[in-house]
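Structural characterization, general
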Amino acid sequence: MPSSVEFPAPARTPATGPVPWIAMYHSVGDRADDPYRVTVTPDRLDGQLRWLRRRGLRGVSVAELLAARARGEGRDLVGLTFDDGYADFLGNALPVLARWECTATLFVLPGRLGGDNAWDPLGPRKPLLTADGVRRAAAAGVEIGSHGLTHVDLTRADDTVLTAETTGSRAALEELTGAPVAGFCYPYGTVDRRAVEAVRGAGYGYACAIDPGELNGPYALPRVHIGQNDTAVRLFLKRRLHRLRRRPVEGLR
Ligand SMILES: [Zn+2]
């Protein structure tokens, strides 16, 4: 129930201020068949955003979060990200975000628009947004970022594929939305120095990972998975782990 749903507060480090806290979601909808645990129900998302509001926090896109931090502001902001660009974002996530006056970043795959999550070997096929759907999300104020072209592990990609997935996907999305694309998100969260350099070289301003370890920085921002089963206790433990594992992100306050 929503009353048992909690978000961890942003971790605090005395020297540099809070590490930016970025939540990672995927699909929002029915959870009847969800072997990868990537789906939360709209009601649960609603409860999580209500929890943020009650604590004086607000969910925003990563670009907005980083811009606020660069100005020395935004201590009350939490980044909200949705990976893969599932079609259910428009009908299930967007109304809930609007209810709580939140924005978000949607990381889409321009090589799979209108397709499905074919990269998952098992489990239900979930439809992905079409080009028109991505434009509708952008028109509603959602930041559109790249998740690569086709959901490839960049640490296993050859040079040609790496360029296509980073430079190529950015060009495709800028063509599609008619706006600059600042954000990238590593498929599977897998990242190495070569992938970081490719993303930086492609002209992105930041990139999201999951648990980037020593690569932690503006091009490998850590995120915390938020799922349907996240109760107050589980999220408290996540906050502790987040604080212990992550060093302050250089260049961000
Ligand atoms: Zn993904």
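In the block above lies the structure referred to throughout.
This section reports on the structure supplied with the text. Values in this document were obtained by computation on a predicted structure and should not be read as measured data. Throughout this document, residue positions are counted from 1 along each chain, in the order its sequence is written. Residues qualify for local features only when their pLDDT is at least 70, as the model is predicted, and side-chain atom pairs are given and counted only at 80 or more; totals for whole chains, interfaces and linings, by contrast, use all residues. With hydrogens and water stripped out, all remaining heavy atoms of the structure feed into the side-chain values.

1. Some details on the packing of aromatic side chains
For clarity, the threshold we go by: Any two of the Phe, Tyr and Trp rings considered here, Trp counted by its six-membered ring, make a pair once their centres fall within 6.5 Å; the pair's planes then place it as stacked at under 30 degrees, edge-to-face at over 60, or tilted in between. Burial classification: accessible surface area is computed with a 1.4 Å probe over protein chains only, and a residue below 20% of its type maximum counts as buried, one above 50% as exposed, and the rest as partly exposed. A ring is scored as having a charge over it whenever the NZ atom of a lysine or the CZ atom of an arginine sits within 6 Å of its centre and within 35 degrees of its normal.
For the coordinates displayed, the defined rule picks out four aromatic pairs. Between the aromatic rings of Phe82 and Phe89, the centroid separation amounts to 5.2 Å while the plane-to-plane angle is 70 degrees, which identifies the pairing as edge-to-face. Phe89 shares its class with Phe82; the two are buried. On the numbers, 5.5 Å between centres and 70 degrees between planes, the contact of Phe184 with Tyr186 is edge-to-face. In this pair, the class of Phe184 matches that of Tyr186, namely buried. Here the aromatic residues Tyr25, Phe82 and Phe89 are joined through ring pairs into a cluster of three or more. Taking the ring centre of Tyr86 as reference, the NZ or CZ of Lys126 above it sits at 6.0 Å.

2. Digging into the coordination of the zinc ion
What counts is decided by this rule: Listed donors are limited to N, O and S atoms within 2.8 Å of the metal, widened to 3.2 Å for Na, K and Ca; water is not among them, so incomplete-looking sites are possible. Put simply, DSSP marks the helices as runs of H or I at least four residues long and the strands as runs of E at least two long, and each gets a number from the N terminus on.
Only Asp84 (OD), His147 (NE2) and His151 (NE2) from the protein coordinate the zinc ion, and they sit 2.1 to 2.2 Å from it. In primary-sequence terms, the residues that donate to the zinc ion follow D-x62-H-x3-H. Taken as a pair, Asp84 in the loop between strand E5 (77-83) and helix H3 (88-99) and His151 in the loop between strand E7 (143-146) and helix H5 (159-177) lie far apart in primary sequence, 67 residues in all.

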